[in-house]
Amino acid sequence: MPSEDAAVTPASTSRSPSTTLYRKERTFPSWVPTFIGHGITRDIKARAPYYASDWTDAWNYRVVPAVVLIFFANVLPGIAFSLDLIETTQQYGVSEVLLSSFMAAFIFSVFGAQPLCIAGVTGPITVLNKTIFDIIERQPDAPNYLQFVGWVYIWGAILHWITAALNWCNFLQYVTLFSCDTFGFYVSWVYLQYGVQVITRQFPSGGESSSSEPSSNSPTATLDGAFVGIILALLMTVTSFLFRTLSQSAYFHRHVRRFLADYGMPISLIACSAVAYWGRFNSANPTTLPTGHAFMPAGDRPWLVRFWELDGKWVGIAFPFGFALWVLFFFDHNVSSLMAQGTEFPLRKPPGFHYDFFLLGVTTFIAGLLGIPAPNGLIPQAPIHTTSLLVMGPLKKIDEEGGPREEDLRGSRTSASSKDEKRKVPVERRGGDDQAKRNIIRTRSRIHDSRSDEMLEPDPTQARDGEGDVRRHEVPVAVVEQRVSNLAQGSLCLVLLTGPFLHVLNLIPRGVLAGLFWYMGVDALQGNGITRKCLYFFKDDALTPADEPLKQVRKSRILLFIGVQLVGFGATMAITQTIAAIGFPVIIFLLVPTRMWLVPRLPFTPEELAILDGPTASPFVSHTLYVESTGCKLTRCRRRWSQ
């Protein structure tokens, strides 16, 4: 390696990896840092050869259920998350949420390097926007809210572009399941909390009538309607889990089970919405989603926010809020991208974190100009999207580490097994030939790769019951990596902005959305690492397999590890309930240095930490981040990807 990067000019004394990559072509003065924008350029060059196949590979049936599933899992929670923001600020409406979801889907599916990552309006951004409103409205000379938020987004976008240009996304190589599980645990409870809020806000206030007669202008909250909303929420939750349970069972033909896995949740949502208009349920007048005029923002204001009219004092005050936005999006969006490319997914196309984070700055900037909530990566929708695109195949043979290796279904030499083997190269090289280290890798894979079985709408072939040979020997062999599903679900958001479909959206009861929140929250909790470790203590030792990885860890150390995670979760949840909620992104971000420097100082052995924690992304993606941070030769990296 030193010989390849041999000095050509006196400037070669620089230790910057990117400097050695481009030294022969350098035409700038020695004081100009050439690493600026290097990560973006590398991402574009790595992903460009796959752009055409990203569209042609969409000719696969798996794209259809993925579009349907993600459309309902993205749009409706996004609208429900924004209800609090809509009702509090009176500055946003359903049109703004739908336009934000479409903008994110269009930009990331057409121009992005990681089209599998779903972006939209999330709970954390609504909390941030509502907190900003609460803070500035307390001021005697409060500025225009949309103009102030516009500058918050502009400052945030500038920080996004600086981050991408300086290659700071390489920091993601230090993000492990410790941080992701803690943040995922928080998001799961936010889903459950918002489901409860949707229900409680359907009850009439003290000054309102508790009769079941609606107002002539808008559906007024009634006591009967609130109780019907509770029934619909429970019905939605139970029905969705029923379809999921059947999809994982031994009942019915495998095509029926797959159908239930793909469309169980959308069917439940449509059916439960229809129940609200059946018999006496309809006369109870359950509260439905609010809608406005087609393609018009709230209050029929102009789409362009006149941010340049804001006083200079407030422009400066907006910067700390923009910094908080940057911290939130840096962690939330990039972790969503990591989870969408997790260890359980046999991906073959390279990621592009720097370039996508640059694009996230573009969407944030546009959101500030239009006065719409800023979109970013969604948890758990992003990994759900990848899960829905999994292609299952028969197990042919087992590799030396006990993991599945599949022959390519088309007979190509670049089989899934060879891809898996090549992706393990970085891990195996770091582990060497030492048998103990290989055992750690095998154990870590066993405990963490099982997350795919717990994701929303898992493939029925991964059912835990039944011992049929076909189902027992089917494993994920590929992912339909394409751009159409993301673009299609975003385009459906644009369709919803038309008058007729806004009317249809207005027919969905809020109780059904509460049930959707509970379903997605409970499902995410089931697959979370914190939950699985907690449930381990309630297992019967006699029925626990002897090769259970957690058996190799002292129970006191499991409790200590969970305790540290719960402290981070509790601090994040607590601060979001106060006026200081503007600082909750910082607490989330501190999870990473906590894992890097604090946890290793606690009384854990390296073997115990290897079992309790692990990488979020697959070795293929993690190695890409490592390569970018160390300055591996671009041609060598592309050769590995092409293999």
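Let us look at the structure shown here. As the structure is a prediction and not an experimental result, all values here were calculated from the model. Counting of residues starts from 1 at the beginning of each chain's written sequence and follows it residue by residue. Local features in this predicted model are restricted to residues of pLDDT 70 or higher, and side-chain atom pairs are both shown and tallied only at a pLDDT of 80 or more, whereas totals for entire chains, interfaces and linings draw on every residue. By convention in this description, side-chain values take in all heavy atoms of the structure and omit both hydrogens and water.

Some thoughts on the side chain of T176
The helix count covers DSSP runs of H or I at least four residues long, the strand count covers runs of E at least two residues long, and both are numbered beginning at the N terminus. Position of T176 among the secondary structure elements: in the loop between α7 (145-165) and α8 (177-200). When a residue's accessible area, from a 1.4 Å probe over protein chains only, is under 20% of the maximum for its type it is buried; when over 50% it is exposed; and in between it is partly exposed. Judged by its relative accessible area of 16%, T176 falls in the buried class. Setting aside chain neighbours within four positions, we find T176 in contact with R595, D613, G614 and T616. Contacts were defined at the residue level, with two residues in contact if any of their heavy atoms lie within 4.5 Å.

As for the pattern of salt bridges
Just to be clear on terms, a salt bridge is a Lys or Arg side-chain nitrogen sitting within 4 Å of an Asp or Glu carboxyl oxygen. Applying the stated criterion across every chain yields a total of 14 salt bridges. Between R348 and D57 there is a salt bridge, and its shortest N-O distance comes to 2.9 Å. Highlighted residues: R348 in the loop between α12 (312-340) and α13 (353-370) and D57 in the loop between α3 (51-56) and α4 (63-89), separated in sequence by 291 residues. On the basis of relative accessibility, which here comes to 25%, the residue D57 falls in the partly exposed class. Across the pair R301 and E96 runs a salt bridge whose closest N-O atoms are separated by 3.7 Å.

With respect to the nonpolar core
By convention a nonpolar core is built from buried Ala, Val, Leu, Ile, Met, Phe, Trp, Tyr and Cys residues, the set being connected through side-chain atoms within 4.5 Å. Judged by nonpolar contacts, the single largest core of 136 residues is most densely connected at L76, L98, I132, Y145, F148, Y186 and L505. If you tally residues by element for this core, the top one is α12, at 15 residues. Contact partners of F148, with chain neighbours within four places excluded, come to I132, I136, P143, L310, W314, I317, A318 and F321. A66, F345, V391 and V477 belong to the second largest nonpolar core, which has 15 residues in total.

Some details on a nonpolar patch on the surface
Where nonpolar side chains cluster on the molecular surface, the patch consists of L492, V495, F501 and V504 and spans about 310 Å² of accessible area. By secondary structure assignment, the location of V495 is in helix α19 (residues 484-496). Grouping into patches uses exposed residues only, defined as over 30% relative accessible area, and leaves out salt-bridged ones; the cut-off is 9 Å for like charges and 5 Å for nonpolar side chains (Val, Leu, Ile, Met, Phe, Trp, Tyr). Methods summary: accessible areas were calculated by the Shrake-Rupley approach with a probe of 1.4 Å, and residue burial reflects only the protein chains presented.

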